[in-house]
Amino acid sequence: MRVIGIDPGLRNLGWGVIDTDGTRMSHVANGICHSRTGELAARLLSLYDQLTDVLAQFAPETAAVEQTFVNKDAVATLKLGQARGIALLVPAKAGLPIGEYAPNAVKKAVVGVGHADKKQVEHMVKMQLPGVQIKGADAADALAIAICHAFHAQSAGRLEAALKKATA
C-alpha cells in the first residue's frame, strides 16, 4: 500500500510518501510545498497545485493528514485550518480514503511518547526508513504521519482478519 502523509501549513506544507508491505515500510519520496507570497487565496491555490502534482507523480492509495491544534493566536489557527482544508481536499478529490491523526497520536505511534519533540520524531523516522534523506522538519512530520497511518491500517487489517476467522 502506498501512503502519503501530509503536515498542513500555510507557508510550508510537508508531504511524505511511503510504501508498506505487511510490517515492512520503505521511503518513496518527501518534500515541502512552499506557498507564494501575497494574498491568501493565491497562496492556497499554490499549495493546491503543488500537492495535486505530488499526488499525480506518486499515486498514493491512501492519505493521512495531521489534525489542527488550536493555539493562542486565532488568526494563525484560522489560516492553518484553511491550509488543512487544502491538505484534505486534494486527496479527497483524487478519491483517496483519508485518515486524520492528532499530533500526539502521531508522536506516540512513531516515538512511543505523545509529547516527543521534533528531533525525536525525525530520529525515529530515520530509524524506521533507513537511508531516507529528509527535506526538512515539515517533511519529517509528514513521513511520521504516513507511518502512523500505516500502523493503524495494519492494526485494522489484523482486526478484520481476526473477526473473519472468528465468524467463519
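Refer to the structure printed above.
Overview of the structure. (Residues numbered from 1 in each chain as written. Predicted model: local features only at pLDDT ≥ 70, side-chain atom pairs only at ≥ 80, totals over all residues. Heavy atoms only, no water.)

**So, the pattern of salt bridges**
Working step 1: Counting across every chain of the model gives five salt bridges.
Working step 2: In this structure, the salt-bridge partner of R24 is D21, at a minimum N-O distance of 3.0 Å.
Working step 3: Among the ionic pairs, K126 bridges to E122, the shortest N-O distance being 3.4 Å. Of this pair, K126 and E122 both sit in helix α4 (residues 118-128), four residues apart, which is roughly one turn of the helix.
Working step 4: A relative accessible area of 41% means that K126 is categorised as partly exposed. (Salt bridge = Lys/Arg side-chain N within 4 Å of Asp/Glu carboxyl O. Helix = DSSP H or I, 4+ residues; strand = E, 2+ residues; numbered from the N terminus. Buried < 20%, exposed > 50% of the residue type's maximum accessible area, 1.4 Å probe, protein only.)

**Here's the deal with the packing of aromatic side chains**
Working step 1: Tallying each qualifying case throughout the model produces one aromatic pair.
Working step 2: Plain terms: the ring middles of W15 and F58 are 5.5 Å apart, the flat faces sit at 35° to each other, and that makes the pair tilted. Taken as a pair, W15 in strand β2 (residues 12-21) and F58 in helix α1 (residues 40-58) lie far apart in primary sequence, 43 residues in all. F58 matches W15 in its accessibility class, with the two residues each being buried. (Phe/Tyr/Trp six-rings, centres within 6.5 Å; stacked < 30°, edge-to-face > 60°.)

**Some remarks on α1**
An α-helix turns once every 3.6 residues. As a result, residues three or four positions apart point the same way.
Working step 1: Compared with the 27 Å implied by 1.5 Å per residue over 19 residues, the 27 Å span of α1 between its first and last C-alpha is a close match.
Working step 2: Contacts made by the buried residues of α1 are with β1 (2-7), β2, β3 (24-34) and α2 (74-93).
Working step 3: One or two residues past the end of α1 sits A59, with phi positive at roughly 45°. (Expected span 1.5 Å × (residues − 1). Contact = heavy atoms within 4.5 Å.)

**Brief notes about the nonpolar core**
Working step 1: Of all hydrophobic cores here, the largest spans 23 residues; its most connected members are I18, V125, L129, I134, L143 and I147.
Working step 2: Only β3, α3 (103-110), α4 and α5 (137-167) provide two or more residues apiece to this core.
Working step 3: With nine residues, the top contributor of residues to this core is α5.
Working step 4: Apart from residues lying up to four places away in sequence, I134 is in contact with N30, E122, V125, K126, A139, A140 and L143.
Working step 5: Judged by nonpolar contacts, the second largest core, of 22 residues, contains A29, L55, V90 and L96. (Core = buried A, V, L, I, M, F, W, Y, C linked by side-chain atoms within 4.5 Å.)

**Quick look at α2**
Working step 1: With 20 residues, α2 should reach 28 Å at 1.5 Å per residue; the first-to-last C-alpha distance of 28 Å fits that figure.
Working step 2: Turning to α2, its buried residues number three or more, namely T77, A83, R84, I86, A87, V90 and P91. The arc that holds the buried residues of α2, viewed along the axis, is 165°, so those residues lie on one side. Facing away from the buried side of α2, by more than 90 degrees, are the exposed residues A74, V75, L78 and K93.
Working step 3: Buried-residue contacts for α2 involve β1, β2, α1, β4 (62-66) and β5 (98-101).
Working step 4: Where α2 begins, the capping side chain belongs to D73, and its oxygen is found 3.2 Å from the backbone nitrogen of V75.
Working step 5: One or two residues past the end of α2 sits G95, with phi positive at roughly 80°. (Arc of directions from axis to C-beta. Polar contact = N/O pair within 3.5 Å; in protein donor to acceptor, adjacent residues only side chain to side chain.)

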